[in-house]
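# Architecture at a glance
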Amino acid sequence: MTTVRKKDDSPEIRRVTWVGLGWNVVLTIGKFVGGLVGGSSALVADAVHSASDFVTDIAILIGSKFWNLPPDAEHPYGHRRFETLISIGIGLAVCAVGVGIGYEAIMALWNKEANHPEWIAAAFALASIVLKEVLFRYTRKAARKIRSQALEANAWHHRSDAYSSIPVLIAVVVAIAFPQFWFVDSVGAVIVALFILHSGYEIAWPCIHQVADRGASFETWERLKKIALSHPKVIWIHKFRTRYIGSDLSVDLHVVVDADMPLREAHDVSEEVEQMLIDAGENIVDALVHVDPYEERKANDYAKATKARLDKEKEQKKP
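Rules of the game
Residues numbered from 1 in each chain as written. Predicted model: local features only at pLDDT ≥ 70, side-chain atom pairs only at ≥ 80, totals over all residues. Heavy atoms only, no water. Helix = DSSP H or I, 4+ residues; strand = E, 2+ residues; numbered from the N terminus. Buried < 20%, exposed > 50% of the residue type's maximum accessible area, 1.4 Å probe, protein only. Contact = heavy atoms within 4.5 Å. Phe/Tyr/Trp six-rings, centres within 6.5 Å; stacked < 30°, edge-to-face > 60°. Salt bridge = Lys/Arg side-chain N within 4 Å of Asp/Glu carboxyl O. Expected span 1.5 Å × (residues − 1). Patch = residues over 30% accessible without salt bridge, like charges linked within 9 Å, V, L, I, M, F, W, Y side chains within 5 Å. Areas by Shrake-Rupley, 256 points an atom, 1.4 Å probe, with all protein chains shown as cover. pLDDT = per-residue confidence, 0-100. Axes fitted to C-alpha atoms, helices over the stretch in contact; angles between N-to-C directions. Left-handed = near helix turned anticlockwise from the far one by under 90°. Nonpolar A, V, L, I, M, F, W, Y, C, P; charged D, E, K, R; others polar. Pairing = 2+ DSSP bridges. Right-handed = clockwise from strand over helix to strand, strands pointing away. Parallel < 35°, antiparallel > 145°, perpendicular 65-115°, else oblique.

## What to know about the overall build of the protein chain
Each helix and strand in the protein chain was counted, giving nine helices and four strands. Shown N-terminal to C-terminal, the secondary structure of the protein chain runs as helices and strands in the order β-α-α-α-α-α-α-α-β-β-α-β-α. By the burial criterion, 47% of the 319 residues in the protein chain qualify as buried. Of the contacts made within the protein chain by residues no fewer than 6 positions apart, 77% connect residues no fewer than 24 positions apart.

Pasting the structure below:
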């Protein structure tokens, strides 16, 4: 087995998250004051959404120290699952905020509570959209550079905050321009809640699949399989499996080689295939290659499998 120790990315994660946390404080206070002074329940609800970023930012700041710990006796595969669990926690926290905001807005509509926002509320909503979009792009760039699942989730949390401020801005402007539409501001808060719920789902659901040991996509699996088969001494491969451990990918497979191949040479083939997979650019940090001898009685199975693969490739290449 070849295991690659992933570089500790926690300093970069903490640096980016501290930047987001600082601006979240500014935005939360600004939108909350702007919503109260400007008379907009939609902007106050949006301030609560920004406040929820505090929880996720702090979770990442603490969690990044744990998921970068090296393997130990109790965690021989490392601690990357903490990253997945924290991402799920972020998604669920976002959903909880969406439910709370939606409930308050619906109750306001039910009780016919009229709001009459002022232009200061619109100004804060516009500022939130611009700033949160900048934070989204900044955080996502860092997340993709270091392949951090949790940081990517937090980036989309920033984007959801930017999206949620758009209906707030529209609702405030409409409520100011048409005072007779007393319900517009509360409707804007309901729309914000729906955006937030969708964002939480998008963050949590893929990570829940990973906790259930879901493997790589079919396209990634096929590409890795072709790489292993490209080794000149590999006749065929089978029992090829993948699974995610946080942002990292673990693979194991059996390669079929000439039955008369010396043990040392077969061992070298397995290590070469492992290195080919690790160099594939899919963030593979754990590779296990088992060597099987070629058996004549299974020759037809190998031939059929090879033909099926070639036919499939030809079909895919057709215009």
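## Here's the deal with the packing of aromatic side chains
Within this structure, the stated rule accounts for three aromatic pairs. With a centroid separation of 6.2 Å and an interplanar angle of 15 degrees, the aromatic rings of Y201 and W205 are classed as stacked. One end of the pair is Y201 and the other is W205, both in helix α6 (residues 184-211) and four residues apart, which spans about a single turn. Relative accessible area serves as the criterion here: at 44%, Y201 is assigned to the partly exposed category. Taking 6.2 Å as the distance between ring centres and 50 degrees as the angle between the ring planes, the aromatic pair formed by W221 and F240 counts as tilted. Of this pair, W221 sits in helix α7 (residues 218-229) while F240 sits in strand β2 (residues 236-245), and the two are 19 residues apart along the sequence.

## With respect to the pattern of salt bridges
With the rule as written, the count across this model stands at five salt bridges. Residues E133 and R159 are paired through a salt bridge, measuring 2.9 Å at the closest nitrogen-oxygen approach. On the criterion of sequence distance, the pair formed by E133 in helix α4 (residues 119-146) and R159 in helix α5 (residues 149-177) is long-range, its members being 26 residues apart. Residue D252 is joined to R241 by a salt bridge in which the shortest nitrogen-to-oxygen separation is 3.0 Å. Of this pair, D252 sits in strand β3 (residues 248-257) while R241 is found in strand β2, placing the two residues eleven residues apart along the sequence. Residue class for R241 comes out exposed when judged on its relative accessible area of 55%. Ionic contacts of the salt-bridge type, sharing partners, join the residues E133, R137 and R159 into one network.

## Details of helix α3 (residues 81-110)
Its 30 residues give α3 an end-to-end C-alpha distance of 43 Å, which sits within 8% of 44 Å, the value for a rise of 1.5 Å per residue. Just beyond α3, the residue with positive phi is K112, at close to 55 degrees.

## Focus: a nonpolar patch on the surface
The grouping of Y163, I166, I170, F178, F181, F183, V187, I191 and F195 at the surface amounts to a nonpolar patch, some 730 Å² of accessible area in total. At the level of secondary structure, the elements contributing two or more residues to the nonpolar patch comprise α5 and α6. Here V187 lies in helix α6. The exposure class assigned to V187 is partly exposed, which follows from its relative accessible area of 33%.

## Examining the confidence of the model for the protein chain
Summing up the model confidence of the protein chain, the mean pLDDT is 78 and the portion of residues at 70 or higher is 85%. Across the protein chain, element-level confidence peaks in helix α8 (residues 263-278) with a mean pLDDT of 90 and bottoms out in strand β1 (residues 2-3) with 46. Low confidence marks residues 1-5, where pLDDT is under 50. Its contacts with residues over four positions away, or in another chain, come to 16 contacts.

## Points about the side chain of T242
Mapped onto the secondary structure, T242 falls in strand β2. Overall, the relative accessible area of 14% leaves T242 in the buried class. Aside from chain neighbours lying at most four places away, what touches T242 is G215, A216, W221, L249, S250 and V251.

## Digging into the packing of α7 against α8
Between α7 and α8, whose axes approach to 9 Å, the crossing angle comes to 145 degrees. Note that α7 runs across α8; the crossing there is right-handed. Where α7 abuts α8, its residues L224, I227 and A228 lie against V273, M276 and L277. When its residues are assigned to classes, the contact of α7 with α8 shows six nonpolar, no polar and no charged.

## Considering the pairing of strand β4 (residues 284-293)
The pairing of β3 with β4 spans nine bridges and is classified as parallel. Note that in β4 the partner of D252 across the bridge is L288. The parallel pair β3 and β4 is bridged by α8, and the resulting crossover is right-handed.

## So, the packing of α3 against α6
One can describe the packing of α3 onto α6 by two numbers: an axis separation of 7 Å at closest approach and a directional angle of 160 degrees. As judged from the angle between their axes, α3 and α6 are roughly antiparallel. The chirality of how α3 crosses α6 is left-handed. Each residue belonging to the contact of α3 with α6 can be placed in one class, and the counts come to 25 nonpolar, nine polar and one charged.

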